[in-house]
Amino acid sequence: MQVVSFAKINLFLEVIAKLPGNFHEINTVYCSVNLFDTLRFALTKRGLINLWVNVEELNTGSNLVYQVALFLNKRYKPSNGIEISLEKNIPISAGLGGGSSNAAVTIKALNALWNLGISDDELTGIAGEFGSDVPYFLRGGTALGRGKGDLITPVSDVKIENLLLVNPGIPIASREAYQLVRIPVNPRRLDTGNLDGCVFNRLQEEISRRYPTIESIIDTLNENGANRAVMSGSGSTCFGIFTDKTLMMTCQKRFVSMGYWTKVLRTIGRDEYQRCFQNLN
């Protein structure tokens, strides 16, 4: 079985308050984009879990894909083992949710392959054990994330055709970004009737102070035709939204000449996102 695992961007991310256990209450807008990793699953007669990743540093027992498989294996004791290969295309520790997306896909795939019969509510609960944004990746599309980002409300999909992602190769852990953030006295309100116009990220200011490259990328996006530009999630990936495709392609060439990873993308809706799971049913 082969399943793709889509990335996301955060169109909006406001930090509301600090919660116990070093968590934060947030208000965010998740959007799926057509950048993806690929996972392949094969049942084995021996009850072992084997994972291979095309990025050597991810071939460890701490990989969320392996952790999910181990968790489900111990809890439900399936009769087969599993071999999993993961082909990474989504940058790592980049604010695009690659690891969380991989975890969500693994939960759904193993539920099907191992015939576990886990309900949708149970799947959501399990997903939340592996990260605050993992429940979002069970459904994808455009959604509001509240609480720790795990309380998901699907909304009408935002359609953005000309989206330029830029990553400078600086891995930033979510923990670092949230440790730096200054919680506002008056949190910014989200206009749910104008989601693609509410482009904002509270984490960006302090991350940019520590990593000035982030601010430089956003300035360059704005100076080269982006209507709006912002850091995604905890960074370091930034994205620009363009109305003029020619300007976007010219801007991309500039970043490529500077040695940055870039990708021209579009958002994808919930229906298109769910088609990646159609062979699990």
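Conventions and cut-offs
- Residues numbered from 1 in each chain as written.
- Predicted model: local features only at pLDDT ≥ 70, side-chain atom pairs only at ≥ 80, totals over all residues.
- Heavy atoms only, no water.
- Helix = DSSP H or I, 4+ residues; strand = E, 2+ residues; numbered from the N terminus.
- Rg over C-alpha atoms; globule rule 2.2 N^0.38 Å.
- Buried < 20%, exposed > 50% of the residue type's maximum accessible area, 1.4 Å probe, protein only.
- Areas by Shrake-Rupley, 256 points an atom, 1.4 Å probe, with all protein chains shown as cover.
- Lys, Arg positive; Asp, Glu negative; His and termini not counted.
- Charge placed at Lys NZ, Arg CZ, Asp CG, Glu CD.
- Core = buried A, V, L, I, M, F, W, Y, C linked by side-chain atoms within 4.5 Å.
- Contact = heavy atoms within 4.5 Å.
- Salt bridge = Lys/Arg side-chain N within 4 Å of Asp/Glu carboxyl O.
- Pairing = 2+ DSSP bridges.
- Axes fitted to C-alpha atoms, helices over the stretch in contact; angles between N-to-C directions.

The number of helices and strands found in the protein is eight helices and eleven strands. Taking 281 residues into account, the globule formula puts the C-alpha radius of gyration at 19 Å, and the protein, at 19 Å, falls close to it. When its C-alpha atoms are laid out on the principal axes, the protein stretches across 55 × 40 × 35 Å. When burial is assessed residue by residue, the protein has 53% of its 281 residues classed as buried. As presented, the protein carries roughly 13,100 Å² of accessible surface, and 45% of it is formed by carbon and sulfur atoms. Positive and negative side-chain charges of the protein, numbering 29 and 26 respectively, have mean locations separated by a distance of 3 Å.

Moving on, we come to the nonpolar core. Ranked by internal contacts, the top residues of the largest apolar core, which has 41 residues, are Phe41, Leu72, Ile82 and Ile84. Secondary-structure elements contributing two or more residues to this core are β1 (2-19), β2 (23-44), β3 (49-53), α1 (64-76), β4 (81-87), α2 (98-113) and α3 (120-128). If you tally residues by element for this core, the top one is α2, at seven residues. Residues in contact with Ile84, not counting those within four places in the same chain, are Leu39, Arg40, Phe41, Asn50, Leu51, Trp52, Val65 and Ala69.

Glancing now at the pattern of salt bridges. Inspection of the entire model under this criterion finds ten salt bridges. Note that Glu205 is salt-bridged to Arg209, the shortest N-O span being 3.1 Å. Of the two residues, Glu205 and Arg209 both sit in helix α5 (residues 204-210), four residues apart, roughly one turn of that helix. The exposure class of Glu205 is partly exposed, given its relative accessible area of 46%.

Attention shifts here to the sheet that holds strand β9 (residues 228-231). The four strands are arranged β9-β10-β7-β11 in an open sheet whose pairing can be described as antiparallel. Single-partner strands in this sheet number two, and they are β9 and β11 (261-265). Across the sheet, the mean angle separating the axes of adjacent strands is 15 degrees when strand polarity is ignored. Here strand β7 (residues 163-167) pairs with strand β10 (residues 238-241) via four bridges, running antiparallel. Considered in β10, the bridge of Leu165 is made with Phe239. Strands in contact with helix α6 (residues 212-223) are β7, β9 and β10; relative to β9, the strand with the most contacts, it is inclined by about 165 degrees. Across the sheet, helix α7 (residues 245-257) lies against β7 and β11, angled at about 165 degrees from β11, the strand it touches most.

This brings us to the pairing of β10. Here β10 shows no split at all, with Cys238 and Gly240 on one side and Phe239 and Ile241 on the other all buried. Across four bridges, the pairing between β9 and β10 is antiparallel. Bridged to Met231 within β10 is Cys238. Between β9 and the antiparallel strand that follows it, β10, lie six residues; Gly233 among them carries a positive phi value of about 55 degrees.

Function cannot be inferred from these measures alone, as they are strictly geometric.
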